Amino acid sequence: MRGEMRSRMRDEKSRIAEGTVNAEAGMEKKAPRSLPAALLCAVFCAVLCIGLCLGLAGCGSQNPENTINVFNWGEYIDTDLLDQFEEETGIKVNYTTVSTCEEMYAKIRSGGVSYDIVVPSDYMVSRMAEEGMLEEIDWDNVPNAQYIDEDFRNPEYDPEGKYSAPYQWGTVAIIYNKDMVDEEDLGGWGILWNEKYDGEILMFDNSRDAIGIALKYLGYSYNTTDEEKIREAADMLVKQKPLVQAYVMDQIFDKMENGEAAIATYYVGDYYLMLDELGEDSEVDLGFYIPEEGSNLYVDALCIPKGAENKEGAEAFIDFLLRPEVMAQNTEWICYSTAESAARELLPPEMRDNDDMYPTGDALKQFETYINLPQNVRTLYDGLWVQILSS
């Protein structure tokens, strides 16, 4: 049922994105009014509009203090919680989505749009903090931060805990269609270069993840700054490109759920979300694995951009999302992992006790987190990514 609801929501989002119906298209044309009547009507309408504008100018609903603008990933919040927050606080939430950290960074950096909440990944939090793009959070306004587990406090990407609160975390895997992939080919990242799956491979549509996968395949660190190694990884992606059906982010849902591709790189939480959306009676049978060379463990965080128009409202929103029962509801809906033990205890057993969602001990050793790379390396990545896509 939850999966059906999500599917309907995605269909509705797509319909809205394509444009609304022109309300005047089906209206019957009326004969033009005579000049005096039209003139009188115009004067009346002008007076009415002026009155309305003056009235709206003093209306509280236009006050930035009653609104927050949230910029988050697609498929990454239970939208019922937005309604609940609005009902509890009276603060309206304007919610928009983004596909990649790099896109999020570029939009905020441009200054063209003002946001009060953004949800960058760990390495991007570090970069934005370093560049003065984030406000310090007033933790006195976020008492539910007490529920954040110790392992997620003062992380490497925010060592003094000034700029972020953990939202969700997870790991990267290879998701595959069991009916389209031979079991003997599973194991490492190398399947992404297997010519047997020509035209059936989906890759991340961002430079950090894509180049990172090639680095891991070659036995290197995600965070190497060695130009020779990075260029070697980029060359591997150029060689791979003829096998790639598409570079995607959230488009992966439709493609994998409809059996349109055999293999995809994406997040473990989204694998479980796909299973939920497909349902038990689906003819599409998906599996996943963590490549033997190792993979990425990431944390997505709640942050407040510098110059946010409603910082207190943003802090209220962070506090709301960190409330254990709210965090549990959100975590169950999006199928990722929470950084709060108090929230995890409220999850259904199949999620709470899932070792794939909550790896521990030796299982954690196969993962590496991203760190913020130096500017010269980021520039190198950007240039190589353009070359890869245009090759």
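Summarised in this report is the structure supplied together with it.

About the cut-offs
Residues numbered from 1 in each chain as written. Predicted model: local features only at pLDDT ≥ 70, side-chain atom pairs only at ≥ 80, totals over all residues. Heavy atoms only, no water. Helix = DSSP H or I, 4+ residues; strand = E, 2+ residues; numbered from the N terminus. Buried < 20%, exposed > 50% of the residue type's maximum accessible area, 1.4 Å probe, protein only. Contact = heavy atoms within 4.5 Å. Pairing = 2+ DSSP bridges. Axes fitted to C-alpha atoms, helices over the stretch in contact; angles between N-to-C directions. Phe/Tyr/Trp six-rings, centres within 6.5 Å; stacked < 30°, edge-to-face > 60°. Lys NZ or Arg CZ within 6 Å of the ring centre and 35° of its normal. Salt bridge = Lys/Arg side-chain N within 4 Å of Asp/Glu carboxyl O. Parallel < 35°, antiparallel > 145°, perpendicular 65-115°, else oblique. Nonpolar A, V, L, I, M, F, W, Y, C, P; charged D, E, K, R; others polar. Left-handed = near helix turned anticlockwise from the far one by under 90°.

**Notes on the overall build of the protein**
Counting secondary structure elements, the protein contains 14 helices and 10 strands. Taken over 391 residues, the protein has a buried fraction of 49%. Across the protein, contacts joining residues at least 24 apart in sequence account for 74% of those joining residues at least 6 apart.

**Quick look at the environment of Gly-199**
One can find Gly-199 in the loop between strand 4 (165–177) and strand 5 (201–204). Considered as a pair, Gly-199 and Glu-260 are 61 residues apart in the sequence and their alpha carbons are 9.9 Å apart. Other than its neighbours up to four places away in sequence, Gly-199 contacts Leu-243 and Gln-245.

**Let's talk about the environment of Met-351**
Mapped onto the fold, Met-351 is located in helix 13 (residues 349–352). According to the relative accessible area criterion, Met-351 is buried, its value standing at 6%. Expressed as a C-alpha distance, the spacing of Met-351 and Glu-332, which sit 19 residues apart in the sequence, is 7.6 Å. For Met-351, the residues in contact, after removing those within four places along its chain, are Thr-331, Glu-332, Cys-335, Met-357 and Tyr-358.

**Concerning unusual backbone geometry**
Positive phi is not limited to glycine here, since Glu-75 has a value of about 60°. One can find Glu-75 in the loop between strand 1 (67–73) and helix 3 (79–89). Here Cys-335, not a glycine, exhibits a phi torsion of approximately 65°, which is positive. Accessibility expressed as a relative area gives 4% for Cys-335, which makes it buried.

**Some remarks on the sheet that holds strand 3 (residues 117–118)**
Pairing in this open sheet of 3 strands is parallel, and the strands run 2-1-3 from one edge to the other. Each edge of the sheet is formed by a strand with only one pairing partner; in this case those strands are strand 2 (92–98) and strand 3. Where strand 1 meets strand 2, 7 bridges bridge the pair, whose relative direction is parallel. Bridging from a neighbouring strand, Phe-71 pairs with Thr-96 of strand 2. Together, strand 1 and strand 2 form the strand contacts of helix 3, whose direction differs from that of strand 2 by roughly 155°.

**Concerning the packing of aromatic side chains**
By the definition in use, this model includes 22 aromatic pairs. Ring plane angle 85° and centroid distance 5.1 Å describe the contact between Tyr-222 and Tyr-370, whose orientation is recorded as edge-to-face. A residue pair is termed long-range when its members are at least 10 positions apart, and Tyr-222 in the loop between helix 6 (207–217) and helix 7 (227–240) and Tyr-370 in the loop between strand 10 (367–368) and helix 14 (375–390) qualify at 148 residues. Accessibility classification places Tyr-222 together with Tyr-370 in one group, the buried group. Ring centres 6.2 Å apart and planes at 65° place the aromatic pair Tyr-272 and Phe-288 in the edge-to-face group. Taken together, the residues Tyr-272 in helix 9 (residues 268–278) and Phe-288 in strand 8 (residues 286–289) connect sequence positions 16 residues apart. In this pair, the class of Tyr-272 matches that of Phe-288, namely buried. The rings of Tyr-76, Tyr-167, Phe-204, Phe-253, Tyr-266, Tyr-267, Tyr-298 and Tyr-336 are connected pair by pair, giving a single aromatic cluster. The lysine or arginine in question, Arg-127, covers the ring of Tyr-105, its NZ or CZ lying 3.9 Å from the ring centre.

**What about the pattern of salt bridges?**
Between side chains of opposite charge, a pair can form when the charged atoms approach closely. Applying the stated rule across the entire model yields 17 salt bridges. The salt bridge partner of Glu-131 is Arg-127, with a shortest N-O separation of 3.2 Å. Where Lys-196 meets Glu-184, a salt bridge forms, and the shortest distance between an N and an O atom there is 3.9 Å. Pair noted here: Lys-196 is in the loop between strand 4 and strand 5 and Glu-184 is in the loop between strand 4 and strand 5, with a separation of 12 residues, a long-range link. Lys-196 gets classed as partly exposed once you look at its relative accessible area, which sits at 44%. Residue class for Glu-184 comes out exposed when judged on its relative accessible area of 68%. One continuous salt-bridge network, built from bridges that share partners, spans Arg-109, Arg-127, Glu-131 and Arg-378.

**Quick look at the packing of helix 6 against helix 14**
In the contact formed by helix 6 and helix 14, the axes pass within 10 Å of each other and the chain directions differ by 85°. As far as their axial angle goes, helix 14 and helix 6 are roughly perpendicular. Side by side, helix 6 and helix 14 meet where Ser-207, Arg-208, Ala-210, Ile-211 and Leu-215 of the first sit next to Tyr-381, Asp-382, Trp-385 and Ile-388 of the second. Residue composition of the contact of helix 6 with helix 14, grouped by class: 6 nonpolar, 1 polar and 2 charged.

**Observations regarding the packing of helix 7 against helix 14**
At a minimum axis distance of 10 Å, the contact between helix 7 and helix 14 shows a crossing angle of 20°. By the angle between their directions, the pair helix 7 and helix 14 is classed as roughly parallel. Crossing angle aside, the handedness with which helix 7 passes helix 14 is right-handed. Contacts from Glu-227, Ile-230, Arg-231, Ala-234, Leu-237 and Val-238 in helix 7 reach Val-377, Leu-380, Tyr-381, Leu-384 and Ile-388 in helix 14. Class assignment for the residues of the contact of helix 7 with helix 14 results in 9 nonpolar, no polar and 2 charged.

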